[in-house]
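# Coordinate inspection notes
Each chain, letter by letter, is given below.
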Amino acid sequence: MIDAVYRHLKQEWQAHLLAGFPQDGTLKARVGHIWFRHIDWGLHFPLRYRLMMQLKLSNLVSHEVQQSQEAELAFAYEMILRALPPESWLTRIRRIWVRFFMRSWKRSFPMPPNTI
């Protein structure tokens, strides 16, 4: 049942993302389309968006369903990576990961106030 709900939400989201997709547009136009349609769907359907994200991050959705849904949008991930300059995309990902890790670390292990 949870897999079916997740699959339905992802299919609805994907249909919204790809509606009016500029197949022959520039790379910037295609990436921009996906980006703005993603934001648009989240703004118009905030409960569905939150549920989809919570299910994705939980262990409730089977690994097979998550992989099949991600495979359907693999072209978008590849397209976005191609839009980034080749020498900097890895550096950017590392920088984002380090920031995320440090914020998570600080939340998990807050520093005690200075007692000196």
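Everything below is about the structure shown above.
Please read all numbers here as calculations on a predicted model, not as lab measurements.

This part covers the pattern of salt bridges. Where charged atoms from two side chains of opposite charge approach closely, those side chains can pair. For the structure on display, the rule yields 1 salt bridge. Here Arg48 and Glu12 are joined by a salt bridge, their closest N and O atoms 2.5 Å apart. You can see Arg48 sitting in helix α3 (residues 46-57) and its partner Glu12 sitting in helix α1 (residues 2-18), a full 36 residues away along the chain. For Arg48, a relative accessible area of 35% translates into the label partly exposed.

Counting 15 residues, the largest nonpolar core has Tyr6, Trp13, Ile34 and Met52 as its most contacted members. For this core, the secondary-structure elements that each account for two or more residues are α1, α2 (27-44), α3 and α5 (74-83). Looking at this core element by element, the count peaks at 4 residues for α1.

Inspection of the secondary structure puts Glu70 in helix α4 (residues 63-72). On the basis of relative accessible area, Glu70 is assigned to the partly exposed category, the value being 30%. For the pair Glu70 and Lys10, spaced 60 residues apart in sequence, the C-alpha to C-alpha distance is 9.2 Å. With residues near it in sequence (within four places) discarded, Glu70 still touches Lys56 and Tyr77.

Rules and cut-offs
- Residues numbered from 1 in each chain as written.
- Predicted model: local features only at pLDDT ≥ 70, side-chain atom pairs only at ≥ 80, totals over all residues.
- Heavy atoms only, no water.
- Salt bridge = Lys/Arg side-chain N within 4 Å of Asp/Glu carboxyl O.
- Helix = DSSP H or I, 4+ residues; strand = E, 2+ residues; numbered from the N terminus.
- Buried < 20%, exposed > 50% of the residue type's maximum accessible area, 1.4 Å probe, protein only.
- Core = buried A, V, L, I, M, F, W, Y, C linked by side-chain atoms within 4.5 Å.
- Contact = heavy atoms within 4.5 Å.

Functional significance is not addressed by these values, which are geometric in nature.
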